[in-house]
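Okay, here's what each chain looks like letter by letter:
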Amino acid sequence: MKFSDMLRTAFLNLWRRKLRAFLTVLGMVIGTSSIVVMVSLGIGMREAMIESYSQMGSMTNITVTRWNYSVDENGNYSSSEKDLNKKTVELFKQIPGVEVVMPRITTWGMVKSGRYVADISIMGIDTSVAEQFGITLAEGSMPTARTTGGTYDIVFGSDLFQYGYFYDPNTGKPAVDKDGNSKVTLDSRFQLTFDYNNIYGDPNDIMEGYTPGKMYRLNATGITAASGNEFSWYCLMDIEALKKLAKENQNFMNLDTSNYNEVILKCTDTDAVEAVNQTVKDMGYGTECLQEWIEQSEQSIRQTQYLLGAIGGVSLLVAAIGIMNTMMMSIYERTKEIGIIKVLGCRMSNIAGLFLTESAYIGFFGGALGLGVSYTLSMLLNKFLADSGMHSSIPLYLALGAVAFSILVAVISGLYPAFRAMRLSPLAAIRNE
C-alpha cells in the first residue's frame, strides 16, 4: 500500500466516525493546551526573572572584590583578603574572555548649593572605558581628573534633580517649586564636603582642637542617563580625583586609597562569564555576577516548571488513554474488514501502519487545535496577569514541540491496538459478525 493511499484511507476511516473522532481529538486539544499553557507560565516566569536581573546590570559583567568567602565540608566559614590595585587590574586584562576592565571606588558625600543640600553616593571610575560598561550621559561630558584651583569635576546622577533630592537642612523642605520642579539645576553652583559638621554642625558644639573638613568647589559636567543599570544611581568622578579627595579626608571617608573597592570585568559574551568567573575565584578573589544569581533562581523556576508541566501532563495522559480506547473500539468494529484485508494479501506492516496513521491524525489535529487554544488562553492570561508581574510566553520551539509531542503520544497510544490488529486470525476475523 502506498503511503499516500494509507493517509487517505486512514483519514476516511476517521471521517466515517466523525463524532467519536471529534471527541477523541477534543481530548488531545485539552491535553495539549493544558501542558502548553502550564509550561508557558514557567517560561514567562523565567523571562520576567531575567528581565528583572538585566535591569540591575549587564549579564556579561563580573564584580571582583578583595574578600573571598568559602565554606568547608564541616560548614565552617573562612575568608581571605587580597590586594586589588593597578597590578591586579593588569592581571585581569590578560584573562581569556575579558574584554575590558574598570576599577572603581565608592564613597559618600554632601553637596551644597546655596541653602540646599543633598546626600550623594559617589563612584570613582576610569572614565575612558565608561561607555563600554553602559555608563552614558543624558547631557554633558564625562568628568576629568583635573583639580584646577581646588575645583573637581563631577557628573550628577539622573535622579538628583528629577526627584528633588536637594532640601533645606533647616526646615527639611525639598528644593522644588510649586510645579514640582527642582530649584537646583545643573547650572547652579555646587560645593562638596565629607564633614557633616559643615552642613549640620553647630559652631558652639565643635570640640576644641577639632579640624573641620574642607569644602570643595564642584564643576558639574553632566547628568547620567536613567539607564537603570548598577551605575546609574551614582554621581561620577574620575577615580584619580576621588582618590586625591580620599587622601585629604581620611578622618571622614575612611577609604583605603592603596586599593580599589571593586573591579568590574566585562566579558566578551555571556558564554565566557562562567570561565572568567571561575578563573578569578581561583586567584583568591570574591566575585559577583548576575549569571550566578540567575542560575540559582532558575533552579527554583525549573522545579516550578516541572510541577506545572506535570499538571498539564495529566490531561495529556487522559487524552492518550482516550486514543487507545478509540482505536481498540475501532478494531472490534472492523474485525471482519481486517480479516478480508489479510486474506487479500495485505502486509502486516500496512495494517499496523493504517492504525498508527489514524492515531497520528488524531495527535496532529489535537495538537494543532490545542496550540490555537493555547495562544488564546495565553493572551487572556497575560491580560489578567498584567498587574501581577507574571505572564505567559509561548516561544516557537514550544509550539512546534507541542504538536510533535502530541503526535508522538498519539502514535504510542496506538501501538497496542495496531499490534492487536496484526495478530488477528484471518479466518476468525472473517467469520466474526
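Above this text you will find the structure in question.
The text that follows walks through the structure, step by step, so that each part is easy to find. (Residues numbered from 1 in each chain as written. Predicted model: local features only at pLDDT ≥ 70, side-chain atom pairs only at ≥ 80, totals over all residues. Heavy atoms only, no water.)

## Some points on the overall build of the protein
Consideration 1: Along the protein, the regular secondary structure elements total 12 helices and 12 strands.
Consideration 2: Going through the 433 residues of the protein one by one, you find that 43% of them count as buried.
Consideration 3: Put simply, the protein shows about 23,200 Å² of open surface, and 57% of that area lies on carbon and sulfur atoms. (Helix = DSSP H or I, 4+ residues; strand = E, 2+ residues; numbered from the N terminus. Buried < 20%, exposed > 50% of the residue type's maximum accessible area, 1.4 Å probe, protein only. Areas by Shrake-Rupley, 256 points an atom, 1.4 Å probe, with all protein chains shown as cover.)

## Notes on helix α3 (residues 86–93)
Consideration 1: Among the residues of α3, T88, V89 and F92 are the ones counted as buried. An end-on view of α3 places all buried positions within 105° of arc, on one side of the element. Within α3, the exposed residues directed more than 90 degrees away from the buried face are K86 and K87.
Consideration 2: Two to three positions downstream of the cap, the backbone nitrogen of K87 sits 3.2 Å from a side-chain oxygen, assigning the N-cap of α3 to N85. (Arc of directions from axis to C-beta. Polar contact = N/O pair within 3.5 Å; in protein donor to acceptor, adjacent residues only side chain to side chain.)

## A closer look at the pattern of salt bridges
Consideration 1: In the structure shown here, the tally under the stated rule is 6 salt bridges.
Consideration 2: Across the pair E90 and K93 runs a salt bridge whose closest N-O atoms are separated by 3.5 Å. With E90 and K93 both in helix α3 and 3 residues apart, the pair spans about one turn of that helix.
Consideration 3: For E262, the salt bridge goes to R104, with nearest N and O atoms at 2.6 Å. A residue pair is termed long-range when its members are at least 10 positions apart, and E262 in strand β11 (residues 262–267) and R104 in strand β4 (residues 98–113) qualify at 158 residues.
Consideration 4: By relative accessible area, R104 is classed as buried at 8%.
Consideration 5: Overlapping salt bridges, with partners in common, bring together R66, E81 and D256 in one network. (Salt bridge = Lys/Arg side-chain N within 4 Å of Asp/Glu carboxyl O.)

## Here's the deal with the environment of Y152
Consideration 1: Mapped onto the secondary structure, Y152 falls in strand β7 (residues 151–156).
Consideration 2: Each C-alpha atom, one on Y152 and one on N219, is 5.9 Å from the other, the two residues being 67 residues apart in sequence.
Consideration 3: Sequence-distant contacts of Y152, that is, excluding residues within four places in its chain, are made with R146, T147, Y216, R217, L218, N219, M237, A241, K244, L245 and E248. (Contact = heavy atoms within 4.5 Å.)

## Some points on a nonpolar patch on the surface
Consideration 1: Together, F11, L12, W15, F364, F365 and L369 make up a nonpolar patch on the protein surface, roughly 600 Å² of accessible area in all.
Consideration 2: Mapped onto the nonpolar patch, the elements with two or more residues apiece are α1 (3–16) and α10 (348–384).
Consideration 3: Along the chain, the position of L12 falls in helix α1. (Patch = residues over 30% accessible without salt bridge, like charges linked within 9 Å, V, L, I, M, F, W, Y side chains within 5 Å.)

## Focus on the environment of S188
Consideration 1: With respect to the secondary-structure elements, S188 resides in the loop between α4 (159–162) and β8 (190–193).
Consideration 2: Spatially, the C-alpha atom of S188 lies 8.6 Å from that of G114, the residues being 74 residues apart in sequence.
Consideration 3: Other than its neighbours up to four places away in sequence, S188 contacts S113 and K183.

## A closer look at the nonpolar core
Consideration 1: Among the nonpolar cores identified, the biggest contains 49 residues, and F92, F156, F166 and L265 are the most heavily contacted of them.
Consideration 2: No other element matches helix α5 (residues 239–248), which puts 5 residues into this core.
Consideration 3: Excluding residues within four positions of it along the chain, F156 makes contact with V111, F161, L186, F190, L218, A220, G222, I223, T224 and C235.
Consideration 4: The next biggest cluster of nonpolar side chains, apart from the first, holds 21 residues, and it includes A10, M28, A319 and I351. (Core = buried A, V, L, I, M, F, W, Y, C linked by side-chain atoms within 4.5 Å.)

## What about the layout of surface pockets?
Consideration 1: For the second largest pocket, the calculated volume is near 230 Å³.
Consideration 2: Around the second largest pocket, the lining residues are F11, L14, W15, K18, A21, F22, V25, L26, V29, F365 and L369.
Consideration 3: Class assignment for the residues of the lining of the second largest pocket results in 10 nonpolar, no polar and 1 charged. (1 Å grid on protein atoms, 1.4 Å probe; cavity = no way out; pocket = protein on both sides within 12 Å on 5 of 7 lines; lining within 4 Å. Points joined across faces, edges and corners; volume = space filled by probe spheres on them. Nonpolar A, V, L, I, M, F, W, Y, C, P; charged D, E, K, R; others polar.)

## Some words on the pairing of β7
Consideration 1: Among the 6 residues of β7, 6 are classified as buried, and the element is accordingly described as predominantly covered.
Consideration 2: Side chains of β7 alternate between two faces, with T151, D153 and V155 and Y152, I154 and F156 buried alike.
Consideration 3: The pairing of β7 with strand β9 (residues 216–224) spans 6 bridges and is classified as parallel. Bridging from a neighbouring strand, T151 pairs with R217 of β9. (Pairing = 2+ DSSP bridges.)

## Topic: the packing of aromatic side chains
Consideration 1: For the structure on display, the rule yields 11 aromatic pairs.
Consideration 2: Aromatic pair F156 and F161: ring centres 5.6 Å apart, planes at 80°, arrangement edge-to-face.
Consideration 3: The buried category is assigned to F161, whose relative accessible area is 11%.
Consideration 4: Put simply, the rings of F156, F161, F166 and F190 pair up and form one aromatic cluster. (Phe/Tyr/Trp six-rings, centres within 6.5 Å; stacked < 30°, edge-to-face > 60°.)

## A look at the pairing of β9
Consideration 1: When you tally the buried positions in β9, you get 7 out of 9 residues, the bulk of the element.
Consideration 2: Bridging between strand β6 (residues 137–140) and β9 involves 3 bridges; their strand directions are antiparallel. Each bridged residue has a counterpart across the sheet, and for L137 the counterpart in β9 is T224.
Consideration 3: Here β8 runs beside β9; their pairing, made up of 3 bridges, is antiparallel. Bridge pairing in β9 links F190 to L218.

## Details of unusual backbone geometry
Consideration 1: Of note, the phi angle at N254 is positive, near 50°, even though the residue is not glycine.
Consideration 2: Note that N254 resides in the loop between α6 (250–253) and β11.

## Focus: the state of the cysteines
Consideration 1: Under the defined criterion, the tally for this structure stands at 0 disulfides.
Consideration 2: Here C267 is not disulfide-linked; the sulfur of C289 is the nearest cysteine sulfur, at 8.1 Å. (Disulfide = S-S within 2.5 Å.)

These figures capture arrangement, not role.
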